[in-house]
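# Geometric and topological summary
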Amino acid sequence: MSALTRSFRYIFVPVMMTFICIAATQLFAYKWQLWLPTINELPYYLYPIVAVLALQFNYARLSFLSVLLLIYYLYEQGLLPELTSIEDLRDHIFLSGTLVIAFFSINKDRAILSTHTIKTFVSIAFCVVLGFAWLFLITQLSAPTTPELPPAFNLLAAIYVPVGVSSIVVCIYATWRKTAIDSMMVVTLFIWLFYYYYPSELPLSILLCMLAVTYLCAILSESYHLAYRDDLTGLSSRRALNTMALSLNSHYSVAMVDIDHFKSFNDTYGHDVGDQVLQLIASKLTKVKGSGKVYRYGGEEFTIVFPNRDVEFVLPYLNELRCIIRDYDIVLRNEHRKTSNKSSRNTQEDNLSTTVNVTISIGVAEHHGQLTFAQTLKLADKALYIAKKNGRNRVFA
Ligand SMILES: Nc1nc2c(ncn2[C@@H]2O[C@H](COP(=O)(O)OP(=O)(O)OP(=O)(O)O)[C@@H](O)[C@H]2O)c(=O)[nH]1
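Residues numbered from 1 in each chain as written. Predicted model: local features only at pLDDT ≥ 70, side-chain atom pairs only at ≥ 80, totals over all residues. Heavy atoms only, no water.

### Overview of a nonpolar patch on the surface
Together, Phe8, Phe12, Val13, Met16, Met17, Phe19 and Ile20 give the surface a local cluster of nonpolar side chains, amounting to about 670 Å² of exposed area. Under the relative-accessibility criterion, Met16 is labelled partly exposed at 31%. (Patch = residues over 30% accessible without salt bridge, like charges linked within 9 Å, V, L, I, M, F, W, Y side chains within 5 Å. Areas by Shrake-Rupley, 256 points an atom, 1.4 Å probe, with all protein chains shown as cover. Salt bridge = Lys/Arg side-chain N within 4 Å of Asp/Glu carboxyl O. Buried < 20%, exposed > 50% of the residue type's maximum accessible area, 1.4 Å probe, protein only.)

What follows is the structure in structure tokens.
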């Protein structure tokens, strides 16, 4: 996935959807105005739920953010002791909050009961102090008695520069990490900015409810991926295969794919290289034609399901796939090269890279009669066994 596609998917789409939700909420204000007293209560219930759920699924960052947003909401509602008027601290809280969101976008989700939690608390405190110190410094520099900075520069330096830098950091990390949780950092920042710049457009409670629901959706979508996606290859998992099997009609073909001599490949080049080859084979398999959907069955075995296709139809596509993988030269870089320093890299030995090829065997079967999906899969597995027995690197139906 290119950086452009990633930024579209993990930044542009979530921000646009949030924007549309905000616009729709404004448009239908007459519908929720009556419910506002109830809506004002909702963040008190939603955020503890999100915090606990996020913790349960090991998304500590969402948990922390939920607690911080709840504290801010309590403060804004006057339910916490007010040291200074919230209006006087508006800029300070906004800037500190922006820095905290940027910090969470860089940070990783860690176990809550670990030393990282202490580091997280220290970092949050540091962001708050930094926000306050930054504004204090700029205010001092532009004070009427010492007008060292022009007013326009003052505003730019006080708010726009740190907020701009934080936004860039949040977007870079969301594009790089490609998870729904990191997209949530972008959405949080967007809503935070919206509330600061347009405080009277929508009540804070509505914005916070919107954000809490988005957090819940992100937790659900990430958990769905954990359950139905294979971590290493990114393919749908065996659980997804079994779920999909329930929706198949009586006309389909199934192929079982197995990498040949993968054990000796692992033994020769190491498990890490083996993992990379599995990822590569998986990406090649996804290019199968004939409407085949690829699943990682387990280990070095994959399953391809062709709904509404018979064996004669899929055989040429499977053969094509086998040939593509057989002919693909996998370049293994010299491991020594990574650790050697620049000056010693130009020796001939260091520049050598090994090229290896792997082959796959495929067994394919077609559903017929009263066979269940598991039985059809077993037939494909038997065909795979025969393909292996007959010398591997072949397709057997
Ligand atoms: N690197 C890596 N290896 C894996 C993974 N899952 C399974 N394997 C390895 O795949 C190998 C499978 O070996 P076997 O079942 O003996 O089959 P094979 O060596 O491919 O031989 P044939 O199937 O008969 O051609 C084992 O060595 C497993 O450790 C994985 O996720 N990563």
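### Comments concerning the pattern of salt bridges
Oppositely charged side chains are able to pair whenever their charged atoms sit close together. Considering all chains together, one arrives at nine salt bridges under this definition. Across the pair Arg61 and Asp109 runs a salt bridge whose closest N-O atoms are separated by 3.2 Å. Residue Arg61 is located in helix H4 (residues 60-76), and its partner Asp109 is located in the loop between helix H5 (90-106) and helix H6 (115-141); the two are separated by 48 residues in the primary sequence. The class of Asp109 is partly exposed, set by a relative accessible area of 27%. (Helix = DSSP H or I, 4+ residues; strand = E, 2+ residues; numbered from the N terminus.)

### Quick look at the side chain of Thr117
Among the secondary structure elements, Thr117 is positioned in helix H6. A relative accessible area of 12% means that Thr117 is categorised as buried.

### Overview of the domain arrangement of the chain
When cut into domains, the chain gives domain 1 (3-228) and domain 2 (238-338 + 347-396). Here the C-alpha centroids of domain 1 and domain 2 sit 45 Å apart. (Domains from an automatic or database assignment.)

### Describing unusual backbone geometry
With glycine set apart, most residues show a phi of negative sign, and most peptide bonds adopt trans. Despite not being glycine, Lys178 shows a phi value in the positive range, around 55°. In this structure, Lys178 sits in the loop between helix H7 (151-177) and helix H8 (180-197). Lys178 sits in the partly exposed class, given a relative accessible area of 38%. Even without glycine at this site, Ser291 takes up a positive phi of about 60°. Among the structural elements, Ser291 can be located in the loop between helix H12 (271-285) and strand S2 (293-298).

### Some remarks on helix H3 (residues 36-56)
Compared with an ideal rise of 1.5 Å per residue, which puts 21 residues at 30 Å, H3 spans 31 Å between its outermost C-alpha atoms and is within 8% of the ideal. Among the residues of H3, Leu36, Ile39, Pro43, Leu46, Tyr47, Val50, Ala51 and Ala54 are the ones counted as buried. Tucked into the core, H3 has its buried residues touching helix H2 (29-32), H4 and helix H9 (204-228). (Expected span 1.5 Å × (residues − 1). Contact = heavy atoms within 4.5 Å.)

### As for the nonpolar core
With 65 residues, the main nonpolar core has Tyr47, Leu62, Phe104 and Tyr215 as its most contacted residues. Broken down by element, the residue count for this core peaks at 13 residues, all from H8. Ignoring any residue separated from it by four or fewer positions in sequence, one finds Phe104 in contact with Arg61, Phe64, Leu65, Leu68, Thr120, Ile124 and Met185. (Core = buried A, V, L, I, M, F, W, Y, C linked by side-chain atoms within 4.5 Å.)

### Some details on the sheet that holds strand S1 (residues 252-259)
Strand pairing in a sheet is mediated by backbone hydrogen bonds. Such pairs are either parallel or antiparallel. Strand order in the open sheet formed by five strands is S2-S3-S1-S6-S7, with mixed pairing between adjacent strands. Here the strands that pair on one side only, and so sit at the sheet edges, are S2 and strand S7 (395-396). By the bridge criterion, two bridges tie strand S6 (residues 360-366) to S7 in an arrangement that is parallel. Pairing of Gly363 across the sheet is with Phe396, part of S7. Lying over the sheet, H12 contacts S1, S2, strand S3 (301-307) and S6, oriented at roughly 10° with respect to S3. Sheet contacts for helix H13 (residues 311-327): S1, S3, S6 and S7; angle to S6, the most-contacted strand, approximately 170°. (Pairing = 2+ DSSP bridges. Axes fitted to C-alpha atoms, helices over the stretch in contact; angles between N-to-C directions.)

### Digging into the UniProt feature "transmembrane region" (unreviewed entry) in the chain
As annotated in UniProt, the feature "transmembrane region" (unreviewed entry) corresponds to residues 12-32, 44-72, 92-108, 120-141, 153-173, 180-198 and 204-221 in the numbering used here. In residues 44-72, the share of helix is 90% and the share of strand is 0%. The end C-alpha atoms are 11 Å apart. Along residues 204-221 one finds 100% helix and 0% strand; the C-alpha atoms at either end are 26 Å apart. (UniProt positions renumbered as here; feature names shortened; annotations may be inferred.)

### Some remarks on the site of the ligand
For the ligand, the set of nearby residues contains 17 residues, the closest of which are His261, Phe262, Lys263, Asn266 and Asp275. For the ligand, an oxygen atom lies 2.8 Å from a polar atom in the backbone of His261. Note that an oxygen atom of the ligand is positioned 2.9 Å from one of the side-chain N or O atoms of Lys388. Looking at the shell around the ligand, the elements that each hand over two or more residues are S1, helix H11 (262-269) and H12. With four residues, H12 is the largest single contributor of residues to the shell around the ligand. A class-by-class count of the residues in the shell around the ligand yields four nonpolar, five polar and eight charged. (Near = heavy atom within 4 Å. Polar contact = N/O pair within 3.5 Å; in protein donor to acceptor, adjacent residues only side chain to side chain. Nonpolar A, V, L, I, M, F, W, Y, C, P; charged D, E, K, R; others polar.)

### Looking at the confidence of the model for the chain
For the chain, the mean per-residue pLDDT works out to 88, and 90% of the residues sit at or above 70. Below a pLDDT of 50 lies the segment residues 336-340, which in the model reaches seven contacts outside its immediate sequence neighbourhood of four places, other chains included. Interface confidence in the predicted complex, given as ipTM, is 0.94; pTM for the same model is 0.74. (pLDDT = per-residue confidence, 0-100.)

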